[in-house]
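Descriptive analysis of the structure
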Amino acid sequence: MSKINEVKKGFSLAHMRLADFLPHDQNIKRLSFILLISFLGIAMLQPHIFLTKDYLVSVLYLFPEFGILALGMMLCMISGGIDLSVVATANFSGILSCIFLMRTIPEGTSTAYSAVMLLCAIILSLLIGLACGALSATLIAKIGIPPMLATLGSSDLIMGAAIALTKGSSISNIPPILSTVGTHTLFGIFPVTLLVFILCAVMVAILMNKKTYGYKLYMMGSNATASEFSGVDNVKVIFKTYMTSGLLASISGLLMCARFNSARADFGSSYTMQAILICVLGGVNPNGGFGTVTGVTLAILILQILSSGFNIFPGISNFYRDLIWGMVLLIVMAYNYISNNRSNRKVKTN
């Protein structure tokens, strides 16, 4: 009888949690308004720089790196956890893939052979990302370590392995095919990185909205106890979630290596906080149970436009950027917390 009561209580809490976030359209409208204001504000202040074709293309070229990481972070936060190992996974998979390319593509190799080896390197990177995600999932689901501590530990482990592999230096002299493909721009407007991000976003959206995995993930994030008692295999969902996050991180790692034409263990060190900020700004509930690809995508665009705007104004130093992101994160979390409390009171009174 006690288990039945716990299940009923769990489903009641899950329903209340989802009810807090049902006004999805309102959140999308708010993010769209912020995006429009950010774009118009910077465009009016610096039109001779911001509205040029080259600058807008550079904006589209840069954000997929941390945008793809944010998609993986979103899945983990919806599950009620977090993945602090995304950057370490991206760098480690990128390093091993670049080493593979350097050893399999000597100078003077034909384009066809180089393309085949690049495909093999991409597959290798994806497998490494899956393995890193499985490591975090094992610590969380099998051993019972809290997600924050588990992914923090796996991040240090993976980064340590990357540093040991590279001896703390960067890997250069990578075969040019990676940079050629990764930095290519179609028709002079659409960077390949943008197309990769769109593909990743569509795949994640299909997982969340068209597959049973998405329903189970939302349910587990809303209330893990109710999810388990209703027949959902929480362990399996956790493994799928963190392995998908690792897979996305490995894709981001390849894009970073292509842009820098090198590999290093500390590339994108600020991307972890940016990914968390994007998820919170995009409406993902830090306690789990709610989040959408649309909201996260809009938040990614807002963050990239603001970041590009900071670069235009010489008076804003890069040293203040983390301070600004931290302030924005706290403000958004405080706003969401206050809004959720108001929604809770309305639900209880009704």
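Residues numbered from 1 in each chain as written. Predicted model: local features only at pLDDT ≥ 70, side-chain atom pairs only at ≥ 80, totals over all residues. Heavy atoms only, no water.

Concerning the overall build of the chain
- The secondary structure content of the chain amounts to 16 helices and two strands.
- Of all 350 residues assigned to the chain, the portion counted as buried reaches 49%.
- For the chain, the share of sequence-separated contacts (at least 6 apart) that also reach a separation of at least 24 residues comes to 79%. (Helix = DSSP H or I, 4+ residues; strand = E, 2+ residues; numbered from the N terminus. Buried < 20%, exposed > 50% of the residue type's maximum accessible area, 1.4 Å probe, protein only. Contact = heavy atoms within 4.5 Å.)

Regarding the environment of I302
- Turning to its location among the elements, I302 is positioned in helix α15 (residues 293-312).
- Separated by 20 residues in the primary sequence, I302 and G282 place their C-alpha atoms 9.7 Å from one another.
- Not counting chain neighbours up to four residues away, the residues in contact with I302 comprise L31, I34, L35, S38 and L281.

Observations concerning the side chain of T89
- Turning to its location among the elements, T89 is positioned in helix α6 (residues 86-104).
- By relative accessible area, which is 2% here, T89 ends up buried.
- Residues within four places of T89 in sequence aside, it is in contact with G129, C132, I158, G246 and A249.

Some thoughts on the packing of α6 against helix α13 (residues 234-260)
- Taken N-terminus to C-terminus, the directions of α6 and α13 make an angle of 55 degrees; their axes are 7 Å apart at the nearest point. The angle between α6 and α13 falls in the class oblique. With respect to the hand of their crossing, α6 and α13 are arranged in right-handed fashion. Contact residues: α6 offers V86, T89, A90, N91, S93, G94, S97 and C98, while α13 offers S245, G246, A249, S250, G253, L254, M256 and C257. (Axes fitted to C-alpha atoms, helices over the stretch in contact; angles between N-to-C directions. Parallel < 35°, antiparallel > 145°, perpendicular 65-115°, else oblique. Left-handed = near helix turned anticlockwise from the far one by under 90°.)

Section: the confidence of the model for the chain
- For the chain, the mean per-residue pLDDT works out to 83, and 86% of the residues sit at or above 70.
- Across the chain, element-level confidence peaks in α13 with a mean pLDDT of 94 and bottoms out in helix α1 (residues 2-20) with 46. (pLDDT = per-residue confidence, 0-100.)

Structural notes on the environment of F63
- Structurally, F63 is set in the loop between α4 (53-62) and α5 (64-78).
- Separated by 238 residues in sequence, F63 and L301 have C-alpha atoms that sit 7.5 Å apart.

Looking at the packing of aromatic side chains
- Following the criterion strictly, the structure yields three aromatic pairs and no others.
- Each ring, one from F260 and one from F267, has its centre 4.4 Å from the other, and the planes form 25 degrees; the classification is stacked.
- Taking relative accessible area as the criterion, F267 reaches 12% and is therefore assigned buried.
- Between the NZ or CZ atom of R259 and the centre of the ring of F260, over which it lies, the distance is 4.3 Å. (Phe/Tyr/Trp six-rings, centres within 6.5 Å; stacked < 30°, edge-to-face > 60°. Lys NZ or Arg CZ within 6 Å of the ring centre and 35° of its normal.)

Concerning the environment of R30
- The topology assignment puts R30 in helix α2 (residues 24-45).
- For R30, a relative accessible area of 27% corresponds to the partly exposed category.
- Note: C-alpha distance between R30 and G295 (265 residues apart in sequence) is 9.8 Å.

Comments concerning the nonpolar core
- Residues L71 and M74 are the most contacted members of the largest nonpolar core, which totals 70 residues.
- Top element by residues in this core is α5. It accounts for 11 residues.
- Ranked by size, the runner-up nonpolar core spans 22 residues in total, among them C132, A162, C257 and A265. (Core = buried A, V, L, I, M, F, W, Y, C linked by side-chain atoms within 4.5 Å.)

Overview of the pattern of salt bridges
- On inspection of all chains with the given rule, the structure shows two salt bridges.
- A salt bridge links R259 to E65, with the nearest nitrogen and oxygen atoms 2.5 Å apart. Note that R259 is positioned in helix α13 and E65 in helix α5, a separation of 194 residues in sequence.
- In this structure R259 comes out as partly exposed when scored by relative accessible area, which is 28%.
- On the accessibility criterion, E65 (1% relative accessible area) is buried.
- Two residues, D266 and R264, come together in a salt bridge whose shortest N-O distance is 2.8 Å.
- Look at R264 and you get partly exposed, because its relative accessible area is 28%. (Salt bridge = Lys/Arg side-chain N within 4 Å of Asp/Glu carboxyl O.)

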